[in-house]
Amino acid sequence: NSVATSSAYTFLSPPKSTESGVYQCIMRNNGVAKFLKQKTTNVVIATDPSVVVSSSTSKINDGTTAEFTCTVTGYPVSSVTVSKDSLTLDCLAGTTSGDTTCFQKPNSPSEFVIKVETFSADEAGTYKCSATTTWYKGDGTEMGKSAEDTVALYYGT
């Protein structure tokens, strides 16, 4: 177990995002079972995001479906988007624009599927998958980091 307590401090060494959660501190009087004070706090252990796209380039034939996967790690993930030119889709919300859809893979919180139905020359180009982790410092200051990866889809006949 990586949790160690000394005096009024708790150390997580090294901290892991899986150790995020509600921690409870109970102060007792010389081991007496009667609680004198009890306090809980929510601890979020943030990790930097990373994004990996299933392939870096693909030639897609006219009229077929193009599909690729973005695998996102990091905690807590606050946004996952896919973009190409002026198109931006919110993958956490499962948005669609025209023939392009981005959605979270069922039963897989870290995988997002991007589908382009009826692929044509207009859909060819570089698609960027981005993820951001956002957390708040003890003083309420918002912190965040982003990562991205790309896939180039080429039009074929």
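Provided above is the structure to which this section pertains.
Residues numbered from 1 in each chain as written. Predicted model: local features only at pLDDT ≥ 70, side-chain atom pairs only at ≥ 80, totals over all residues. Heavy atoms only, no water.

*Asks:* Sorry if this is basic, but what is going on with the state of the cysteines here?
*Replies:* Linking two cysteines covalently through their sulfur atoms gives a disulfide. Evaluated as defined, the whole model comprises 2 disulfides. Between the sulfur of C70 and that of C129 lies a disulfide, 2.3 Å long from S to S. Linking C70 in strand β7 (residues 66–75) with C129 in strand β13 (residues 125–136), this pair joins segments that are 59 residues apart in sequence. Comparing C70 with C129, the two get one shared label, buried. Note that C91 is cross-linked by a disulfide to C102, the S-S spacing being 1.8 Å. Judged by the sign of its S-S torsion, about 105°, the cystine formed by C91 and C102 is right-handed. (Disulfide = S-S within 2.5 Å. Helix = DSSP H or I, 4+ residues; strand = E, 2+ residues; numbered from the N terminus. Buried < 20%, exposed > 50% of the residue type's maximum accessible area, 1.4 Å probe, protein only.)

*Asks:* When you look at the packing of aromatic side chains in this model, what are you seeing that I'm missing?
*Replies:* Here a ring pair, both rings aromatic, is described through the centre-centre distance and the interplanar angle of the planes. Enumeration according to the criterion identifies 1 aromatic pair in this entry. With 5.9 Å between their ring centres and 65° between their planes, F68 and Y127 make a pair best called edge-to-face. Linking F68 in strand β7 with Y127 in strand β13, this pair joins segments that are 59 residues apart in sequence. The pair F68 / Y127 is uniform in exposure class, with both members buried. (Phe/Tyr/Trp six-rings, centres within 6.5 Å; stacked < 30°, edge-to-face > 60°.)

Note that every value here comes from positions in space, so none of it alone points to a role or purpose.
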